[in-house]
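As a plain string of letters, each chain reads:
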Amino acid sequence: MARAIDRATGLIGANPRLRGLALRALLDRHLAPGTLCLVPFGDHALYVNPRDDKMSLKLMAGRCWQRRELEAAIFSLQRTRSLKRNCVFIDVGANIGVHSIYAMNSGAFSRAIAIEPEPNNFSLLERNIRLNGLEKRIAAIKAAASARGGELQLMRHRRNFGAHSVERTFAKCATDAVTVAALSLDEILAQQGISVDEVGLVKIDVEGHELAVLEGMRELREARVPIMVELTVDRDGSDRLQRFKALLAPYYEHVLDLADEAEGFSAPIPLPELSWRASQVDLLIC
């Protein structure tokens, strides 16, 4: 029996997925509802919901969430002198605020607009802004960025609290839905009194709703403000990919794969040459 337990423990320890499942079982069994974890890093700290089995588990393991991709985007823009000084960072799909906080700590931006529709994520977003003393630099907007103003149904993922989506096609493992306010980015900037000339980078991570977000930021597109976007498209989604490129092609010329750039071996390609590579890719459009 002891040898069997040792073998099982070794198997769990060697397999990241099994480790995650084992930790999930422990958390579900022993944590009281509403419990949060405070995770310290070198230049910031974050409150996370330990029941989120994607971003929070990685953060609780002491690893940043996609910080290298953001830093790669900033470096690429600075290298080509395409990033304005003391500009505004727009965080669409801000979740609990990690990218807005990373952006403020990068020194490249004077302030940020963090846009998040899901109520629990938004509560943590506001809490993390206060925790890091960034109340005067990050404005939190409780809404879904979309093509136009109104209301949308946000379908909430059971386990991955960064996978909530207003797109039914991309809403997997949804347990319920909540009605959220929707605003276009052009509307949000007008409400915040920010001109497009002040914006240095727009980051979009909205689980399949990125085409609608792009439609609702016409003024930003016309001003050719760089865009960091997580593009979600299946292998057979050629029409979706073509619509994505059609929205951007009148204003932008190049696309950079940020996963490759973060590893130091990427180069921009002409936007028309963008083709399917994976279901989700992090891109810099400039």
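Residues numbered from 1 in each chain as written. Predicted model: local features only at pLDDT ≥ 70, side-chain atom pairs only at ≥ 80, totals over all residues. Heavy atoms only, no water.

Peer 1: When you look at empty space enclosed by the protein in this model, what are you seeing that I'm missing?
Peer 2: Taking a probe equal in size to a water molecule and rolling it over the atoms shows the remaining empty space. The final tally for this structure, using the stated rule, is two cavities of 30 Å³ or more. Estimated volume of the largest cavity: approximately 50 Å³. Elements supplying a minimum of two residues to the lining of the largest cavity: β9 (199-204) and β10 (227-232). A per-element tally of the lining of the largest cavity places β10 first, with three residues. Here the lining of the largest cavity is built from residues that sort into three nonpolar, two polar and four charged. (1 Å grid on protein atoms, 1.4 Å probe; cavity = no way out; pocket = protein on both sides within 12 Å on 5 of 7 lines; lining within 4 Å. Points joined across faces, edges and corners; volume = space filled by probe spheres on them. Helix = DSSP H or I, 4+ residues; strand = E, 2+ residues; numbered from the N terminus. Nonpolar A, V, L, I, M, F, W, Y, C, P; charged D, E, K, R; others polar.)

Peer 1: What's the story with unusual backbone geometry in this structure? I'm lost.
Peer 2: Peptide bonds are mostly trans, and most non-glycine residues show a negative phi. You will see that Q66, though not glycine, has its phi angle at about 55°, which is positive. Locating Q66 in the fold gives a position in the loop between α3 (55-60) and α4 (67-79). Under the relative-accessibility criterion, Q66 is labelled buried at 17%. If you check the backbone angles, N86 has positive phi at about 50° while not being a glycine. Tracing the sequence through the fold places N86 in the loop between α4 and β3 (87-92). Its relative accessible area of 61% is what places N86 among the exposed residues. (Buried < 20%, exposed > 50% of the residue type's maximum accessible area, 1.4 Å probe, protein only.)

Peer 1: Would you mind going over the side chain of H99 with me for this structure?
Peer 2: With respect to the helices, strands and loops of the structure, H99 is situated in helix α5 (residues 98-106). At a separation of 3.4 Å, a polar atom in the side chain of H99 contacts the main-chain carbonyl oxygen of Q66. Here H99 is in contact with W65, Q66, L70, F89, D91 and K203, once residues within four sequence places are set aside. (Polar contact = N/O pair within 3.5 Å; in protein donor to acceptor, adjacent residues only side chain to side chain. Contact = heavy atoms within 4.5 Å.)

Peer 1: Can you walk me through the pairing of strand β13 (residues 280-285) in this structure?
Peer 2: Put simply, side chains in a regular strand alternate between the two faces of the sheet. Burial analysis of β13 places five of its six residues in the buried class, the great majority of the element. Pairing of β10 with β13 involves six bridges; the strand directions are antiparallel. Counted as the bridge partner of I227 is I285 from β13. One ladder, built from three bridges, connects strand β11 (residues 254-257) with β13; its direction is antiparallel. Following the sheet pairing, V255 is matched in β13 by I285. (Pairing = 2+ DSSP bridges.)

Peer 1: How do you make sense of the packing of aromatic side chains when you look at a structure like this?
Peer 2: Working definition: an aromatic ring pair is given by the centre-to-centre distance plus the angle between the planes. All told, the structure shown has one aromatic pair when counted by the stated rule. Between F89 and F109, the aromatic rings sit 5.2 Å apart at their centres with planes inclined by 55°, giving tilted as the arrangement. With F89 in strand β3 and F109 in strand β4 (residues 109-115), this residue pair connects regions lying 20 residues apart in the sequence. Here the two residues F89 and F109 agree in accessibility, since each one is buried. The ring of Y47 carries the charged tip of R127 above its face, separated from the ring centre by 4.3 Å. (Phe/Tyr/Trp six-rings, centres within 6.5 Å; stacked < 30°, edge-to-face > 60°. Lys NZ or Arg CZ within 6 Å of the ring centre and 35° of its normal.)

Peer 1: Would you mind going over α4 with me for this structure?
Peer 2: Residues lying three or four places apart along an α-helix face the same way, a consequence of the helix completing one turn every 3.6 residues. In this model, α4 (13 residues) spans 18 Å end to end at C-alpha, consistent with the 18 Å of a helix rising 1.5 Å per residue. Within α4 the residues assigned to the buried category are R67, E69, L70, A72, A73, I74, S76 and L77. Phi for R81, located one or two positions after α4, is positive at around 55°. (Expected span 1.5 Å × (residues − 1).)

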